[in-house]
Amino acid sequence: MNPTLVAVALSLFSSVAYASAAVAQERLAARSAGPDTGTLRLLAQGAWWWSVTLNASAALLHVAALKYGTLTLVQPLGALTLVAAVPLGARVAGRRVGAAEWRGTALTLTGLAALLVTASGTAPDEALSLPQALAVAGTTAAVIGGLARGARPGLRHATASGFASGVASALTQTVTVAATDRSGSPLSARVVVVALLVAAFSAGGLLLSQTAYQGGLGAPLAVVTLANPLAAAVIGLSLLDEHLRGGVAGLLLALAGASTAAWGVMTLSRPAPGRAAPPDGLADDDHPVAAVLALETGPAAYEPSPVPVGPARAG
């Protein structure tokens, strides 16, 4: 089968899992926001581990996609997370997809289609050397440290999370290519060290996104979605000998596609109008997935449950 088609299909399934995980994290952040909230408190809650499981499943699918597609192909497809969230959120909320959501979906898919034309190619065979991987990790850690200063959640944390996740993907591709290279050892020093860096950046990106989502999911998720492929594309184009097809025309098409997809992502991330506030004493904590596009700051809007809701279970 065509490697590009395999990479696209795996990225689609990965995006659905990431969308569900992001919603689970936002719901947890909305319920647990407060001065006494910390990492240890999150680790004691089942909802946190459910989001971790979803993220892990999505990550495995993403790793498989990186085996068949280049960074410049796979990473922009992360925008499919929001596209997948449109029907998911509408179905759970018991409503129809709105005109703005259709417009955002169409813009995102159009932009991604343009990027696929310019970025598609053979399966990756280049990998970062150990010095390159360490240099990328050190530079990224310094940037993330500057962005994540202060405990107050904001778009800085979302940007840092996107950079961490994008670099983790680039390093993951290096591990995948190096470990499956028959000319070397699958457990070489480069594979082991870079795998540890992948774990560190993946965990850091997850915790940073959890902090960013405390202020609401919309804008932070958009920033994460845009920063992730940006970081990966810089690494792929500058260090992994990846390139865009079509010369100058291909570059212009890629820029137009990226701009269109970014416009679509921002459209999908705006709060849906006309949401009523929950009645006193009620919340939608028992929804399996919140309405992704009802993204006001703070707890999500109340949506009547289609089945009787029992007493809230201890997390």
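Everything discussed here concerns the structure shown above.
The paragraphs below set out a description of the structure included in this document. (Residues numbered from 1 in each chain as written. Predicted model: local features only at pLDDT ≥ 70, side-chain atom pairs only at ≥ 80, totals over all residues. Heavy atoms only, no water.)

Remarks on the overall build of the chain
Okay, step 1: A tally of regular secondary structure across the chain gives 11 helices and 0 strands.
Okay, step 2: Helices and strands in the chain line up, N terminus first, as α-α-α-α-α-α-α-α-α-α-α.
Okay, step 3: A burial count over the chain gives 45% of its 315 residues as buried.
Okay, step 4: Put simply, 81% of the contacts in the chain that link residues at least 6 apart link residues at least 24 apart.
Okay, step 5: Within the structure as shown, the chain displays about 15,100 Å² of accessible surface, and the carbon and sulfur contribution to it stands at 67%. (Helix = DSSP H or I, 4+ residues; strand = E, 2+ residues; numbered from the N terminus. Buried < 20%, exposed > 50% of the residue type's maximum accessible area, 1.4 Å probe, protein only. Contact = heavy atoms within 4.5 Å. Areas by Shrake-Rupley, 256 points an atom, 1.4 Å probe, with all protein chains shown as cover.)

Some points on the environment of Asn 2
Okay, step 1: In this fold, Asn 2 is placed in the segment before α1 (3-32).
Okay, step 2: The spacing of Asn 2 and Tyr 68 is 66 residues in sequence and 8.9 Å in space, taken between C-alpha atoms.
Okay, step 3: Among the polar contacts listed, one links the side chain of Asn 2 to the backbone nitrogen of Thr 4, at a separation of 2.8 Å. (Polar contact = N/O pair within 3.5 Å; in protein donor to acceptor, adjacent residues only side chain to side chain.)

Quick notes on the environment of Leu 12
Okay, step 1: The residue Leu 12 is located in helix α1 in this model.
Okay, step 2: When its relative accessible area of 42% is taken as the criterion, Leu 12 is described as partly exposed.
Okay, step 3: For the pair Leu 12 and His 62, spaced 50 residues apart in sequence, the C-alpha separation works out to 9.2 Å.

Focus: helix α7 (residues 130-147)
Okay, step 1: With 18 residues, α7 extends 26 Å from end C-alpha to end C-alpha; this agrees with the ideal 26 Å at 1.5 Å per step.
Okay, step 2: Looking only at α7, the buried set comprises Ala 133, Val 136, Ala 137, Thr 140 and Ile 144. For α7, the angular spread of the buried residues around the axis is 100°, confining them to a single face. Turned more than 90 degrees from where α7 packs its buried face, Pro 131, Thr 139 and Ala 142 sit exposed.
Okay, step 3: Next to the buried residues of α7 lie α8 (155-179), α9 (189-212) and α10 (218-239). (Expected span 1.5 Å × (residues − 1). Arc of directions from axis to C-beta.)

Purely spatial values, then, with no claim about function.
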